[in-house]
Structures are given as C-alpha cells and as structure tokens.
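# Descriptive analysis of the structure
The lines below spell out each chain.
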Amino acid sequence: MNKDERRRRARIEAMLRKTLTPELEEQVAVASLRDRAGIDPDRLGPVTDLVALGLANSWWRNSCVEDWHAAGRLDDGDMLRINSYTTHRIRQRLHGWLREMGLDALETIEVLHDFAPEDFDPLLERIYRWCVAPGRRLPTGPTLAELAGCDLPAYADHVDRAVGGFAEMIEDRGARFAFLRAAAHGALACSRWWGHPTWPTLVEEFTDALDDTRPEHSCVLPPEPAGVADRSRLREALLEHPWQLDAESARLLTATGLGRAPTSA
C-alpha cells in the first residue's frame, strides 16, 4: 500500500467516523467479530487475540513498511514471517497485561470498564517501545534499524501517532470500545493472517491443496524445500510459529497464495 492508498483509506475511515453514531459503530464492530471472525465478542480472550492482529496491521503493516515491500526490500515471504511474528509479540504483551491486572481470558469484555485510561499506559508504552526499538531483530535476520535505514524516524513517528490515537480512543470512548474496534479491524483486514480464528482452516485447506495432483489444480512450482515437503512439520510451523519458516519455504508458500489477500501481497 503506497502513501496515496493510505491517505485514501484514512479519508474513508474519517468519513465513517463522522457518519456512524457511537452506538452503531459498536454494533458494526460486534457484528464483524461474530460474523467474520466467528468469535464471541463478549469474551475477553478471543477479542484480545484479534486486538493483537488489528494493532499489528495498523501499527506495523499499514505504515512505510508497505513502501519497503513495494520497493522490494521485503518480499511476500518476509511479510508472512514478520507480520505473524509482530502479531505474536503484541499478543504476548496484551495477555501479559491481562495477567498483571488479574484478568482471565474467559471473563467478559465488560471488565475493561473497571479500569481507568491511565491503567493502559504501561501496556501501550511496552508495545510502542518494542515496535520502534532499532535493535530488535526481525525473524528475517536484520534489525529494524538495518531494514528501515533512513526511514526509521518516519516509522517511529507513525507508531507514535497510532499509539496516541488508540490512547485517545480509550480516553474518549472507553477501553471496551477501543478493544472491540481494534479487534474488528483485525478480523476484517487480516482474515488470511496467522492469529485469525480462520487461520487453522486456511492452513488445512492450503496443505491439502499442495497434495492435490489433479491436472485442473496443478500449477508450476519450484522444487519444494524440506520445510514444505514435510507436511506434518509444515502444518505445525504454520499453526504455531510461521515466523520460524526458512526464507525459501516462506517465499514458495506466499507464491501460491498463503497469507495473501486477494488484491494485495
């Protein structure tokens, strides 16, 4: 996604915020979680997992990272590994905060009403610092600073604004709404990402398709690397830790469409 596309999406979101009442916007978010993600929007754990997806998408993917991808600094396999790893690390911090607050994943999301906006500051600070840390190593090998180069300040500025916007939403609309909205974003924008409730089904369908030898389903692919040829190992990696895939395997998988939205890499 280039800068013009990001601006276009931002304008659309701004228009929606102006036309939707707070009540209707919450109803849309709840319906998205129930219908598009298949989760109970009242349960804190599943909602939090999708919040991790939404934040990874908006705080990482929908930034100058898209320009790096378009320019060839990141290929589709890199994006699969980095996006899943980013989601994983943000999820860890979210669930760590829940434990610190004495919250159980099985509780209802209503418990977030019991917390003041400043209670979320340590959580947001941790995620922010991890996202922008120049020395953090990506699963593809380089550090963030090595990948970003002179774009690192621009990326850090993007994350700063995104975190600030999320904090303002908590302040203005409450943490429950902020979580629901971020989770709905994850449910809708990341339906083909690791961490989405539909990911296990997608992996099963994808690995089954790799073994489908019927002519109408065959395609010309390079020889399968070991990480793909061993289907049991491949399924485990895709379900548990796709960021640990080797570069060759990740490239082959994304070349066949795994983890890619129909209109974008």
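What comes next is a walk through the structure. Everything numeric here is computed off the predicted structure, so don't read it as measured data. (Residues numbered from 1 in each chain as written. Predicted model: local features only at pLDDT ≥ 70, side-chain atom pairs only at ≥ 80, totals over all residues. Heavy atoms only, no water.)

## Some words on the overall build of the protein
Heads up, the condition is: Comment: elements are numbered from the N terminus, with helices defined as DSSP H or I runs of at least four residues and strands as E runs of at least two. For each residue, the accessible area found with a 1.4 Å probe, counting protein chains only, is set against the maximum for its type, and the residue is called buried under 20%, exposed over 50%, and partly exposed in between. Contacts: residue pairs with any heavy atoms within 4.5 Å of one another.
The helix and strand tally for the protein stands at 13 helices and 0 strands. Along its sequence from the N terminus, the protein presents helices and strands in the succession α-α-α-α-α-α-α-α-α-α-α-α-α. The 265 residues of the protein split such that 43% are buried. Look at the contacts in the protein between residues 6 or more apart in sequence, and 73% of them connect residues 24 or more apart.

## What to know about the packing of helix H10 (residues 199-210) against helix H12 (residues 231-240)
Let me state the cut-off plainly: Inter-axis angles, ranging from 0 to 180 degrees, are taken between N-to-C directions of lines fitted to C-alpha atoms, where helices are fitted over the stretch in contact. In this scheme, roughly parallel covers angles under 35 degrees and roughly antiparallel covers those over 145, while 65 to 115 is roughly perpendicular and the rest are oblique. In this scheme, a crossing is called left-handed if the near helix is turned counterclockwise away from the far one by less than a right angle; it is called right-handed if the turn is clockwise. Polar here means any residue outside two lists: the nonpolar Ala, Val, Leu, Ile, Met, Phe, Trp, Tyr, Cys and Pro, and the charged Asp, Glu, Lys and Arg; Gly therefore counts as polar.
Between H10 and H12, whose axes approach to 10 Å, the crossing angle comes to 155°. In terms of orientation, H10 and H12 fall into the roughly antiparallel class. Here the hand of the crossing between H10 and H12 comes out right-handed. Contacts between H10 and H12 involve Trp 199, Pro 200, Val 203, Glu 204, Thr 207, Asp 208 and Leu 210 from the former and Arg 231, Leu 234, Arg 235, Leu 238 and Leu 239 from the latter. Per-class residue counts for the contact of H10 with H12 are 7 nonpolar, 1 polar and 4 charged.

## So, the side chain of Ser 249
For Ser 249, the location among the structural elements is in helix H13 (residues 247-255). Those residues in contact with Ser 249 that sit more than four places away from it in its chain are Pro 225, Gly 227 and Val 228.

## Considering the pattern of salt bridges
In plain terms, the rule: Here, a salt bridge means any side-chain nitrogen of Lys or Arg that lies within 4 Å of a carboxyl oxygen of Asp or Glu.
For the structure on display, the rule yields 17 salt bridges. Where Asp 40 meets Arg 43, a salt bridge forms, and the shortest distance between an N and an O atom there is 3.8 Å. With relative accessibility at 36%, the residue Asp 40 sits in the partly exposed group. Classification of Arg 43 by relative accessible area gives partly exposed; the value is 33%. Notably, a salt bridge pairs Arg 231 with Asp 211, separated by 3.0 Å at the nearest N-O pair. Taken together, the residues span a long stretch of sequence, with Arg 231 in helix H12 and Asp 211 in the loop between H10 and helix H11 (226-229) at a distance of 20 residues.

## Here we look at a negative patch on the surface
Selection criterion: Residues enter patches when their relative accessible area tops 30% and they take part in no salt bridge; the joining distance is 9 Å for like charges and 5 Å for the nonpolar side chains Val, Leu, Ile, Met, Phe, Trp and Tyr. To be clear on the numbers: accessible area is Shrake-Rupley with a 1.4 Å probe, and residue cover counts the displayed protein chains and nothing else. The charge count includes Lys and Arg as positive and Asp and Glu as negative, but it does not include His or the ends of the chains. A charge is said to be at NZ when it belongs to Lys, at CZ for Arg, at CG for Asp and at CD for Glu.
Together, Glu 118, Asp 121, Glu 168, Glu 171 and Asp 172 line one region of the surface with negative charge. It is helix H8 (residues 152-173) that contributes the most residues to the negative patch, 3 residues altogether. Overall, the relative accessible area of 51% leaves Glu 168 in the exposed class.

## A word on H13
Convention followed: Residues adjacent in sequence count toward polar contacts only when both atoms are side-chain atoms; beyond that, a polar contact is any pair of N or O atoms within 3.5 Å, and within protein one must be able to donate a hydrogen and the other to accept it.
Looking only at H13, the buried set comprises Ser 249, Ala 250, Leu 252, Leu 253 and Thr 254. Turning to H13, the residues buried within the fold contact helix H5 (76-100), H10, H11 and H12. A side-chain oxygen of the first residue of H13 lies 3.2 Å from the backbone nitrogen of Glu 248; this N-cap is Asp 246.

## Quick look at the packing of aromatic side chains
Selection rule: Stacked, edge-to-face and tilted labels apply to pairs of Phe, Tyr and Trp rings (six-membered ring for Trp) whose centres lie within 6.5 Å, assigned for plane angles under 30 degrees, over 60, and everything in between, in that order. When the NZ atom of lysine or the CZ atom of arginine is within 6 Å of a ring's centre and also within 35 degrees of its normal, the charge is said to sit over that ring.
Under the criterion given, the structure shown has 12 aromatic pairs. Between Trp 59 and Phe 166, the ring centres sit 6.1 Å apart and the planes meet at 80°, which makes this aromatic pair edge-to-face. On the criterion of sequence distance, the pair formed by Trp 59 in helix H3 (residues 44-61) and Phe 166 in helix H8 is long-range, its members being 107 residues apart. Of the two residues examined, Trp 59 and Phe 166, each falls in the buried class. The ring of Trp 130 is capped by Arg 136, whose NZ or CZ atom sits 4.0 Å from the centre of that ring. Sitting over the ring of Phe 177, Arg 173 keeps its end group 3.8 Å from the ring centre.

## Digging into the nonpolar core
For clarity, the cut-off: Nonpolar cores were defined as sets of buried Ala, Val, Leu, Ile, Met, Phe, Trp, Tyr and Cys residues, with membership established by side-chain atoms within 4.5 Å.
Grouped together as the largest cluster of nonpolar side chains are 77 residues, with contacts concentrated most on Trp 68, Leu 112, Phe 120, Tyr 155, Phe 166, Phe 179 and Leu 253. For this core, the element with the most residues is H3, which contributes 10 residues. Residues in contact with Leu 253, not counting those within four places in the same chain, are Phe 206, Val 228, Leu 234, Leu 238, Leu 245 and Leu 258.

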